[in-house]
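Structural features, examined
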Amino acid sequence: MKFFPYSALILIFAFAFAACGGGEEAPAPEAVAEPEETEVAGVTITIQPVGDEMVFATDTLTVAAGTEVTLVLENTATAPVMVHNIVVLTTNSDEDVNRVGMAAITAGEALAYVPEDDAIFASTPLANPGETVSVTFTAPSEPGTHRFICTYPGHFATMQGILIVE
């Protein structure tokens, strides 16, 4: 019986080895899915003037209500007097466009030709020729039509477009 202690020891190691993973792996516990945060995807829209004309190359924009919008003005003009901005209004009213456009002159360069007016929803800084500027805002939560204009003196009459919120 000299071999008994060794046999017992071998059996103990065999059972221990088998218990440590010699067989099939136990199924992993099911992971509990954590709720994901829902983010409204933002949109970036780039607008340029038509060369050295006082006209936006894009005059109709459409975004979903409540979307974060980054409006980029890439001033591709080359003439030094073709300084531009984009001012988004709360309405599509000609009366508001004319009032804001005319008030821009008296607002002056100190206010970047953006007057204080309740009809203004968002505005970019001024962009000299060759410069790019932007503004980020959240589109209104209600569908509607909004006008955007350039308020650099004299430009608003022809530099206009429509922002449609769906």
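Notes on the structure follow. Note that the structure is a prediction, hence the values are computed from the model and not measured.

**Comments concerning the packing of aromatic side chains**
Going through the model one piece at a time under the given rule, you end up with 3 aromatic pairs. Between Phe-56 and Phe-148, the aromatic rings sit 5.4 Å apart at their centres with planes inclined by 55°, giving tilted as the arrangement. Within this pair, whereas Phe-56 is found in the loop between β1 (43-47) and β2 (60-63), its partner Phe-148 is found in strand β7 (residues 144-149), the two being separated by 92 residues in sequence. Assigned by exposure class, Phe-56 and Phe-148 land together as buried.

**Here we look at the sheet that holds β2**
The strand order across the open sheet formed by 5 strands is β2-β8-β7-β4-β5, and the pairing between neighbours is mixed. Lying at the two open borders of the sheet, with one neighbouring strand each, are β2 and β5 (120-123). Adjacent strand axes in the sheet meet at a mean angle of 25° when their direction is disregarded. Sheet analysis places strand β4 (residues 87-89) next to β5, joined by 3 bridges and oriented antiparallel. Its bridge partner lying in β5, Val-88 is registered against Ala-122.

**What about unusual backbone geometry?**
At Ala-112, a residue that is not glycine, the phi angle is positive and equals roughly 55°. Mapped onto the elements of the fold, Ala-112 is located in the loop between α2 (94-107) and β5. Backbone geometry places Tyr-113, a non-glycine residue, at a positive phi of 60°. Examined against the element boundaries, Tyr-113 turns out to sit in the loop between α2 and β5.

**Regarding the pattern of salt bridges**
In this structure the tally under the stated criterion is 3 salt bridges. Close ionic contact of Asp-96 with Arg-99 constitutes a salt bridge, the shortest N to O distance being 2.8 Å. Note that Asp-96 and Arg-99 are positioned in helix α2 at a spacing of 3 residues, about one turn of the helix. Judged by its relative accessible area of 35%, Arg-99 is partly exposed. Asp-117 serves as the salt-bridge partner of Arg-99, at 2.8 Å between the closest nitrogen and oxygen. Linking Arg-99 in helix α2 with Asp-117 in the loop between α2 and β5, this pair joins segments that are 18 residues apart in sequence. Sharing partners across several salt bridges, the network here consists of Asp-96, Arg-99 and Asp-117.

Calculation criteria
Residues numbered from 1 in each chain as written. Predicted model: local features only at pLDDT ≥ 70, side-chain atom pairs only at ≥ 80, totals over all residues. Heavy atoms only, no water. Phe/Tyr/Trp six-rings, centres within 6.5 Å; stacked < 30°, edge-to-face > 60°. Helix = DSSP H or I, 4+ residues; strand = E, 2+ residues; numbered from the N terminus. Buried < 20%, exposed > 50% of the residue type's maximum accessible area, 1.4 Å probe, protein only. Pairing = 2+ DSSP bridges. Axes fitted to C-alpha atoms, helices over the stretch in contact; angles between N-to-C directions. Salt bridge = Lys/Arg side-chain N within 4 Å of Asp/Glu carboxyl O.

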